[in-house]
Amino acid sequence: MKDWRYILAEQRGTLLALALFLLMFTIYVTNHPAGFTPNVVTTAANKGVILALVAMAQCFVVLTAGIDLSVGMVFILANCLGSYIIAGSAIEITLGLIGVMAAGAACGALNGLIVIYGRLQPIVTTIATGAIFFGIALWLRPYPGSEPDFAADLADALTGKLFDTVPASLVFLAGVIVVVWIPFRRSLIGRTVYAVGSSDQAAYMSGLPVRLGRFSAFVLSGFLASLGGIFLTFITYSGEASLANGDNYTLFSIASVVLGGVSLYGGRGSAVGAIFGALAFRAIGDLLFVFDLDPLWQPLFQGIVLGLAVTLGAARLFQVRNRLELFN
Amino acid sequence: MTIQSSRERHSFWHAIAARIDLPIVTAFACIIVLLLVGSLYSENFLSPEYLLQQLKVASFLGVIATGMMLIILLGHIDLSVPWLLTTGAMMASAATAYGTAGAILAIPFGVACGFVMGLISGIGVAYLRIPAMIVTLAMNAIAQGLMVAFTGGASPADSASPAMRYLATGELIFGIPNAVLVWAVVGGVAVFVLSRTGFGRSVYAIGNREGAAYLSGVPTQRILMFAFAISGALAALGGVLLAGYAGKAAQSMGDVYLLPAIASVVLGGTSILGGRGNYLGTVAGVILITLLQSILSVMQIAEFGRQIIYGVVIVAMLLLYGREKFTR
């Protein structure tokens, strides 16, 4: 069996992200005053899972060799919408959840339609649609707030601990991988997305459903971003149309995807890698708190660590075999 | 004989069509439409004072967009504009506090800071071959970290030097604001460099296909590196002007300039993939964006409505003329 070498090479990015996450998280936990307790892990997991969902959303589009600069805004829109409609009786809450997810998917579908049939570049399209999504979010929630009968029980259940040990959010994330990512990866559409990312023309010539694949990637991206927004609503109990938050999540999702070994040139990497990239990114941010650094130096430290990690992960200088490859 | 003349007529129309650039014509037509729409709301809209005021506001964006255009022509993107702009503003203001020599050197010092940071991004892109989106994102985070650590997170106490104020608000020639003159100089140099020098030709060549440019003997890496340095310097110059206009620098003063800069370059017909674009288009894009923002605020539309209209207008205009050719 020589397959393991191939599998290792294919999963190298994901494994590196996992290693980075384990390293960072070990340093974090061993230096944390409270140590490795369920509470510490749950708090870290809740923050990590939000970013992980948004990073997964980014990953789908990046796999097609595009980029989605509106994920953060879909995320904020879902948060604001969720703070209204995830409330009331059990049936209303269920309908509310479905409504938020549908809205997220619709945002992704709009991006996809403009990119595919409008033939615009994803980067400019999503900058513009991001402004639209943020405008709607601001219309819904000019001031932060939530409904009085907000589904707090559900929120507590999903952000709490199962059997007092395992963070429920991590179980939820694992569920998303099983229900969304694995079927996607094994389906024709999933293979099409990878093929489109590697070479659009070759995918078309092979008879793959290129447009459907690209469209699905955008729809799934919007859907996952809305899941992230729902989780933010569950943690904060409220909706807030914060421009800074939206921009930050967009940028962090790109950084997480790169840390997770997903190639920005498309066709390489996996959502699992993106998730570990997001968790590692969060762990880096949290390191500062346990080392008790002057808060003023935090942004600089975070910037430098992020810069180094991402630089080493993405530099093609160390990957090319032929000098001319550098230029194409 | 008839064939000959019809061919001549044919090439004549081609020559006309080649001269008239559809995006630029459309952009200027939209500017006129915007002015007419605005004049319906207010008599003052077509007055010379108002138009000069708009041109002055546009010139800050114009200087920044010039650097962005250079990078987009190369087929890359510069996301470090917000904090390089702030760095330029803060460093120039800080230098002012060091006596007469500081006040004299304030502007060059601020611009030099932007140049050096841009140069570092350029090394990352050109020599380490990291995607520009990642490098500039990291550089943005590092610049933010440096500035937060430097100012202590509060609004900096230093104010702009007299020279900076004069450059941003004064009038050298009767009636024409100095900021507009600065943009005219920057733009004039940009037009000359892009169309008449080897550097400019190389920029277009690299944007079209870097591998081919490299094989043709263009020092692509050096040009890439310096292009990012120039973009950084121009962002910092924009920051210096803004600080002079407002009297002092402020945290996150640059956040609102990233998307307008990209949008105005792209609306001006420069291909986001690089290699195609005209500076006149960028001028049109800058004026268009500034007028749009101004009209939306004159019409007293709430912030959410402005965001939505802003996004819709950009998508609509790009759908009009920014579409990729259908190739397969």
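Caption draft 1: A look at the overall build of chain A. Of regular secondary structure, chain A possesses 14 helices and two strands. For chain A, whose C-alpha radius of gyration is 20 Å, the value lies close to the compact-globule estimate of 20 Å for 328 residues. When the backbone C-alpha atoms are referred to their principal axes, chain A occupies close to 60 × 45 × 40 Å. Intrachain contacts of chain A at a sequence separation of at least 6 include 76% that bridge at least 24 residues. Of the accessible surface of chain A, which amounts to about 14,200 Å², a share of 66% is contributed by carbon and sulfur atoms. The distance from the centre of the 17 positive side-chain charges to the centre of the 16 negative ones in chain A is 19 Å.

Caption draft 2: Expanded view of the overall build of chain B. Secondary structure assignment for chain B yields 14 helices and two strands. Taking 2.2 N^0.38 as the reference for a compact globule, 328 residues should give roughly 20 Å; the C-alpha atoms of chain B span a radius of gyration of 21 Å, in line with that estimate. Its C-alpha atoms give chain B principal-axis dimensions of about 80 × 55 × 40 Å. Here chain B, with 328 residues, has 54% of them falling under the buried criterion.

Caption draft 3: Structural view of the packing of aromatic side chains. All names here are of chain A. Here the structure, examined in full by the defined rule, presents 13 aromatic pairs over all chains. Aromatic pair Phe60 and Phe184: ring centres 4.9 Å apart, planes at 85°, arrangement edge-to-face. In this pair, Phe60 is assigned in helix H3 (residues 38–63) and Phe184 in helix H8 (residues 168–186), connecting sequence segments 124 residues apart. Through a chain of ring-to-ring contacts, three or more aromatic side chains come together here, namely Phe21, Phe25, Tyr28 and Phe276. When the ring centre of Tyr84 is taken as origin, the NZ or CZ atom of Arg141, which lies over that ring, is 3.9 Å away. The ring of Tyr194 is capped by Arg185, whose NZ or CZ atom sits 3.9 Å from the centre of that ring.

Caption draft 4: Up close: the side chain of Thr250 of chain A. Residue and element names in this part refer to chain A. Relative to the assigned elements, Thr250 resides in helix H12 (residues 243–259). Judged by relative accessible area, which is 4%, Thr250 ranks as buried. Here the side chain of Thr250 touches Gly246 through a polar contact of 3.0 Å, landing on its backbone oxygen. Contact partners of Thr250, with chain neighbours within four places excluded, come to Gln58, Asp68, Leu69, Val71, Gly72 and Met73.

Caption draft 5: The arrangement of the confidence of the model for chain B in detail. Of the residues in chain B, 91% have a pLDDT of 70 or more, and the chain-wide mean is 85. Across chain B, helix H11 (residues 220–246) of chain B holds the top mean pLDDT of 93, while helix H1 (residues 2–19) of chain B sits lowest at 59.

Caption draft 6: Just helix H12 (residues 258–267) of chain B, in detail. For H12 of chain B, the buried fraction is high: nine of the 10 residues fall into the buried class. Against helix H6 (122–140) of chain A together with helix H2 (22–41), helix H3 (48–73), helix H4 (81–96), helix H13 (279–298) and helix H14 (303–321) of chain B lie the buried residues of H12 of chain B. Of the residues one or two after H12 of chain B, Gly269 of chain B is the one with positive phi, at around 95°.

Caption draft 7: A look at the pattern of salt bridges. Summed over the entire model, instances satisfying the criterion amount to two salt bridges over all chains. A salt bridge links Asp200 of chain A to Arg214 of chain A, with the shortest nitrogen-to-oxygen separation between them at 3.9 Å. Here Asp200 of chain A, found in helix H10 (residues 200–205), pairs with Arg214 of chain A, found in helix H11 (residues 210–236); they are 14 residues apart in sequence, far enough to count as distant. Residue Arg129 of chain B is joined to Glu210 of chain B by a salt bridge in which the shortest nitrogen-to-oxygen separation is 2.9 Å.

Caption draft 8: Structural context of a nonpolar patch on the surface. Residue and element names in this part refer to chain B. A cluster of nonpolar side chains, namely Val33, Val37, Leu40, Tyr41 and Val298, defines an oily patch on the protein surface of about 490 Å² accessible area. Locating Val298 in the fold gives a position in helix H13. Looking at Val298, the relative accessible area reads 35%, which means it is partly exposed.

Caption draft 9: Inspection of the interface of chain A and chain B at higher detail. At the interface, 48 residues of chain A touch 46 residues of chain B. Carbon and sulfur atoms supply 76% of the area that chain A and chain B bury against each other, a total of about 4,300 Å² over both sides. Where chain A meets chain B, there are zero salt bridges. Where chain A touches chain B, the interface holds zero residue pairs in polar contact (both at pLDDT 80 or more). Among the secondary structure elements, those contributing two or more residues to the side of chain A that touches chain B are helix H5 (90–117), H6, H10, H11, H12 and helix H14 (298–314) of chain A. Here the side of chain A that touches chain B gets 12 residues from one element, more than from any other, and that element is H6 of chain A. Among the residues making up the side of chain A that touches chain B, the classes are represented as 34 nonpolar, nine polar and five charged.

Caption draft 10: Examining the nonpolar core more closely. Within the largest apolar cluster, 190 residues are counted, with the highest numbers of intra-cluster contacts made by Trp181 of chain A together with Ile262 of chain B. Examining the composition of this core, we find that 16 residues originate from one element, H3 of chain A, more than from any other. Setting aside residues up to four positions removed in sequence, Ile262 of chain B forms contacts with Ile127 of chain A together with Met68, Ile72, Ile77 and Leu79 of chain B.

Definitions and limits used
Residues numbered from 1 in each chain as written. Chains lettered and ligands numbered in written order. Predicted model: local features only at pLDDT ≥ 70, side-chain atom pairs only at ≥ 80, totals over all residues. Heavy atoms only, no water. Helix = DSSP H or I, 4+ residues; strand = E, 2+ residues; numbered from the N terminus. Rg over C-alpha atoms; globule rule 2.2 N^0.38 Å. Contact = heavy atoms within 4.5 Å. Areas by Shrake-Rupley, 256 points an atom, 1.4 Å probe, with all protein chains shown as cover. Lys, Arg positive; Asp, Glu negative; His and termini not counted. Charge placed at Lys NZ, Arg CZ, Asp CG, Glu CD. Buried < 20%, exposed > 50% of the residue type's maximum accessible area, 1.4 Å probe, protein only. Phe/Tyr/Trp six-rings, centres within 6.5 Å; stacked < 30°, edge-to-face > 60°. Lys NZ or Arg CZ within 6 Å of the ring centre and 35° of its normal. Polar contact = N/O pair within 3.5 Å; in protein donor to acceptor, adjacent residues only side chain to side chain. pLDDT = per-residue confidence, 0-100. Salt bridge = Lys/Arg side-chain N within 4 Å of Asp/Glu carboxyl O. Patch = residues over 30% accessible without salt bridge, like charges linked within 9 Å, V, L, I, M, F, W, Y side chains within 5 Å. Buried area = accessible area lost by both parts, 1.4 Å probe. Nonpolar A, V, L, I, M, F, W, Y, C, P; charged D, E, K, R; others polar. Core = buried A, V, L, I, M, F, W, Y, C linked by side-chain atoms within 4.5 Å.

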